[in-house]
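Spelled out, the chains give:
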Amino acid sequence: MIQLIGEILIFLGSIFVFLAVVGFIKMPDFYMKLQAASKASAFGAALVLIGSSLIIPDLNFVITNFTLFIFLLITTPIATHALAYAKKKRMSSRESEAWPRS
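Residues numbered from 1 in each chain as written. Predicted model: local features only at pLDDT ≥ 70, side-chain atom pairs only at ≥ 80, totals over all residues. Heavy atoms only, no water.

## Focus: the side chain of serine 38
- Mapped onto the elements, serine 38 comes out in helix 2 (residues 30-55).
- Residue class for serine 38 comes out buried when judged on its relative accessible area of 9%.
- At 3.3 Å, the side chain of serine 38 and the backbone oxygen of glutamine 35 are in polar contact.
- Discounting residues that sit within four places of it in the chain, serine 38 has contacts with Thr76 and Thr80. (Helix = DSSP H or I, 4+ residues; strand = E, 2+ residues; numbered from the N terminus. Buried < 20%, exposed > 50% of the residue type's maximum accessible area, 1.4 Å probe, protein only. Polar contact = N/O pair within 3.5 Å; in protein donor to acceptor, adjacent residues only side chain to side chain. Contact = heavy atoms within 4.5 Å.)

Structure follows, in structure tokens:
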């Protein structure tokens, strides 16, 4: 039963990663692409890691997957913010008028 739950989680995670790729291709703006790629792919990778931990119940494997999950949880928002901030800094003067001055 636990193996079936793990397989379902891996399947759902792969669907989320696929939807992240589709969202990245279909979205018109850089910021929309960034949001689609970061949120869905991180959630999909987390589901794959949790599902694989349920299928292979080795303690070292579970600890490694948990560490990877925490790493993704911390680094994905930071990387997304850094990319958005760099894009904002590199905008042309015409596009930067839409952003409020701070």
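Moving on from the model shown.
## Comments concerning the confidence of the model for the chain
- For the chain, mean pLDDT is 87; residues scoring 70 or higher make up 89% of the total.
- Ranking the helices and strands of the chain by mean pLDDT puts helix 1 (residues 2-26) first, with 93, and helix 4 (residues 93-96) last, with 54. (pLDDT = per-residue confidence, 0-100.)

## Section: the packing of aromatic side chains
- By the definition in use, this model includes two aromatic pairs.
- A centroid spacing of 4.7 Å and a plane angle of 80 degrees characterise the contact between phenylalanine 16 and phenylalanine 43, whose relative ring orientation is edge-to-face. Of this pair, phenylalanine 16 sits in helix 1 while phenylalanine 43 is found in helix 2, placing the two residues 27 residues apart along the sequence.
- Looking at phenylalanine 16, the relative accessible area reads 30%, which means it is partly exposed. (Phe/Tyr/Trp six-rings, centres within 6.5 Å; stacked < 30°, edge-to-face > 60°.)

## Some thoughts on the packing of helix 2 against helix 3 (residues 59-90)
- Axis separation between helix 2 and helix 3 bottoms out at 9 Å; the angle between their running directions is 175 degrees. Judged on the interaxial angle alone, helix 3 and helix 2 are roughly antiparallel. Residues Phe30, Tyr31, Leu34, Ser38, Ala42, Ala45, Ala46, Leu49, Ser52 and Ser53 of helix 2 touch helix 3, and the partners they reach there are Phe61, Val62, Asn65, Leu68, Phe69, Leu72, Thr76, Thr80, Leu83, Ala84, Lys87 and Lys88.
- When its residues are assigned to classes, the contact of helix 2 with helix 3 shows 14 nonpolar, six polar and two charged. (Axes fitted to C-alpha atoms, helices over the stretch in contact; angles between N-to-C directions. Parallel < 35°, antiparallel > 145°, perpendicular 65-115°, else oblique. Nonpolar A, V, L, I, M, F, W, Y, C, P; charged D, E, K, R; others polar.)

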